[in-house]
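So you can see what is in the structure, the chains are spelled out below.
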Amino acid sequence: MQPGRINTHTFKLCDYNVDWLVVMLEGAMFTGCVKIRSLNDNARSAIILKRGRIITAVYESHVDCSETSLVRIWQNLEAPGTVVEIIDLPELNTDELLAKL
């Protein structure tokens, strides 16, 4: 990845499956955002991950990692026609950041 450049990848999840997505994100220790848009009910959600683990989740306007939100997000992931956008966000190196101050 080039410095200052954010990589994104958008696809319809029906081309893959939810289990593949989870295993890929966890196995790659992915840091970034996964945006999910269900074309069936026009619901939008996002999951923020750091090193393959969920930090927080947003379902519609609710920011939390409650079981209810995660279940709704999972249901959207399983719905046909769901569009997923994976946004790779580089981790901040706090030592480098502090050295610049």
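Criteria and cut-off values
- Residues numbered from 1 in each chain as written.
- Predicted model: local features only at pLDDT ≥ 70, side-chain atom pairs only at ≥ 80, totals over all residues.
- Heavy atoms only, no water.
- Helix = DSSP H or I, 4+ residues; strand = E, 2+ residues; numbered from the N terminus.
- Buried < 20%, exposed > 50% of the residue type's maximum accessible area, 1.4 Å probe, protein only.
- Contact = heavy atoms within 4.5 Å.
- Areas by Shrake-Rupley, 256 points an atom, 1.4 Å probe, with all protein chains shown as cover.
- Salt bridge = Lys/Arg side-chain N within 4 Å of Asp/Glu carboxyl O.
- pLDDT = per-residue confidence, 0-100.
- Pairing = 2+ DSSP bridges.
- Phe/Tyr/Trp six-rings, centres within 6.5 Å; stacked < 30°, edge-to-face > 60°.

Colleague: Got a sec to walk through the overall build of the protein? Specific residues and values, please.
Modeller: The secondary structure content of the protein amounts to 3 helices and 6 strands. Secondary structure of the protein in N-to-C order comes out as β-α-β-β-β-β-α-β-α. A buried classification covers 31% of the 101 residues belonging to the protein. Considering only contacts within the protein whose residues lie at least 6 apart along the sequence, 55% involve residues at least 24 apart. Summed over its atoms, the accessible surface of the protein is roughly 6,900 Å², and 53% of this surface lies on carbon and sulfur atoms.

Colleague: A description of the pattern of salt bridges should follow, citing residues and the corresponding values.
Modeller: A full pass over the atoms with the stated rule returns 1 salt bridge. Of the charged contacts in the structure, one is a salt bridge between K35 and E85, with a shortest N-O distance of 3.6 Å. One end of the pair, K35, is in strand β2 (residues 32–38); the other, E85, is in strand β6 (residues 82–88), and 50 residues separate them in sequence.

Colleague: How would you summarise the confidence of the model for the protein if you had to cite specific residues and measurements?
Modeller: Within the protein, residue pLDDT values average 81, and 82% of them lie at 70 or more. The lowest-confidence element of the protein is helix α3 (residues 94–100), averaging 58 in pLDDT; the highest-confidence one is β2, averaging 92.

Colleague: An account of the pairing of β2 is requested, with residue identities and associated values reported.
Modeller: The element β2 is largely enclosed, with a buried count of 5 among its 7 residues. Pairing between β2 and strand β3 (residues 44–50): 6 bridges, direction antiparallel. Bridge pairing in β3 places G32 opposite L49. Turn length for the β2-β3 hairpin, with the two strands adjacent in sequence and antiparallel, is 5 residues, and the turn residue N42 shows positive phi of about 60°. Across 7 bridges, β2 lies against β6 in antiparallel orientation. By the bridge assignment, V34 is partnered in β6 with I86.

Colleague: So what's going on with the packing of aromatic side chains? Which residues, and what values?
Modeller: Evaluated as defined, the whole model comprises 1 aromatic pair. Ring geometry for F11 and W20: centres 6.1 Å apart, planes at 75°, overall edge-to-face. We classify W20 as partly exposed; its relative accessible area is 34%.

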